[in-house]
Amino acid sequence: MGVENNIALVRRTIEEAYNHGNVDVYDQTLTENYVAHAPGRGDKINGRDGAKHRVLALRRAAPDLRVTIDKLVADDDHVVTQWRLKGTHDGPFNDLAPTNRPVTLAGATIDRFVNGQVAESWHYWDTAHLDTQLGTA
């Protein structure tokens, strides 16, 4: 599919899913057996439905959620995205009640592509910084 198509797909996915809550974009952008790895409590997301559930849960926890792309670097099979997330923790997330605190988080994601779709992702962010902002540290 090519580097430029992969970059465009990452941009589209972040904008539609994270920033607008249109998780149906995953039906076109993620492989059926997609897997994501995240820091912290051993988080692992399996499949498109798992990814949809996670983004909708984030948007319920922070309805004003906004993800901004700072930088993208790509080769034939991978796109690395440096990103910033901002939002206000106004709703429950997992077992954490709303704190009504603003959250800012910087991180990076490595996406691996197969046949023009994301097959696997590795997400990296500072979990201790997030816990401090939410008052859970």
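Here the structure is a predicted model, which is why all the values come from computation and not from measurement.

J.: Looking at this structure, how should I read the environment of glutamate 120?
T.: With respect to the secondary-structure elements, glutamate 120 resides in strand S6 (residues 117–125). Among the residues examined, glutamate 120 registers a relative accessible area of 17% and is labelled buried. For the pair glutamate 120 and arginine 11, spaced 109 residues apart in the sequence, the C-alpha separation amounts to 16 Å. Sequence-distant contacts of glutamate 120, defined by excluding residues within four places in its chain, comprise Tyr34, Val35, His37, Ile110, Asp111 and Arg112.

J.: Hey, could you run me through the packing of helix H1 (residues 3–20) against helix H3 (residues 47–61) in this one?
T.: Between two packed helices, the angle of one axis relative to the other and the distance separating the axes together describe the packing. Where H1 contacts H3, the axes come no closer than 8 Å and their chain directions differ by 50°. As the angle between them shows, H1 and H3 are arranged oblique. Within the contact between the two elements, H1 uses Ala17, Tyr18, Asn19 and His20 and H3 uses Val55, Leu58 and Arg59.

J.: What is the right way to look at the pattern of salt bridges in this model?
T.: Think of it this way: side chains of opposite charge can pair up when their charged atoms draw near. Applying the stated criterion across every chain yields a total of six salt bridges. Aspartate 27 is the salt-bridge partner of lysine 52, the closest N and O atoms lying 2.8 Å from each other. Of this pair, lysine 52 sits in helix H3 while aspartate 27 sits in helix H2 (residues 26–29), placing them 25 residues apart in sequence. On the basis of relative accessibility, which here comes to 37%, the residue aspartate 27 falls in the partly exposed class. For aspartate 70, the salt bridge is made with arginine 84, and the minimal N-O distance between the two is 2.8 Å. Linking aspartate 70 in strand S3 (residues 66–74) with arginine 84 in strand S4 (residues 78–88), this pair joins segments that are 14 residues apart in sequence. Classification of aspartate 70 as partly exposed rests on a relative accessible area of 36%.

J.: I'm lost on the pairing of strand S1 (residues 30–37) in this one. Help?
T.: The side chains of a regular strand alternate between the sheet's two faces. Across four bridges, S1 lies against S6 in parallel orientation. Bridge assignment links histidine 37 to a residue of S6, and that residue is tryptophan 122. Bridging between S1 and strand S2 (residues 44–46) involves three bridges; their strand directions are antiparallel. Paired with alanine 36 across the strands is isoleucine 45, a residue of S2.

J.: Is there a simple way to explain the side chain of threonine 29 in this structure?
T.: Within the secondary structure, threonine 29 sits in helix H2. For threonine 29, a relative accessible area of 1% translates into the label buried. Discounting chain neighbours no more than four positions away, the residues touching threonine 29 are Leu9, Arg12, Thr13, Gln117 and Val118.

J.: Please explain the nonpolar core as it appears in this structure.
T.: The tendency in soluble globular proteins is for nonpolar side chains to be buried as a group. Formed by 27 residues in total, the largest nonpolar core has its most connected members in Tyr18, Tyr26 and Leu85. Of all the secondary-structure elements, those providing two or more residues to this core are H1, S1, H3, S3, S4 and strand S5 (102–114). Looking at which element gives the most residues to this core, the answer is H1, with six residues. Residues in contact with leucine 85, not counting those within four places in the same chain, are Leu65, Arg66, Val67, Val103, Thr104 and Leu105.

Cut-offs and rules
Residues numbered from 1 in each chain as written. Predicted model: local features only at pLDDT ≥ 70, side-chain atom pairs only at ≥ 80, totals over all residues. Heavy atoms only, no water. Helix = DSSP H or I, 4+ residues; strand = E, 2+ residues; numbered from the N terminus. Buried < 20%, exposed > 50% of the residue type's maximum accessible area, 1.4 Å probe, protein only. Contact = heavy atoms within 4.5 Å. Axes fitted to C-alpha atoms, helices over the stretch in contact; angles between N-to-C directions. Parallel < 35°, antiparallel > 145°, perpendicular 65-115°, else oblique. Salt bridge = Lys/Arg side-chain N within 4 Å of Asp/Glu carboxyl O. Pairing = 2+ DSSP bridges. Core = buried A, V, L, I, M, F, W, Y, C linked by side-chain atoms within 4.5 Å.

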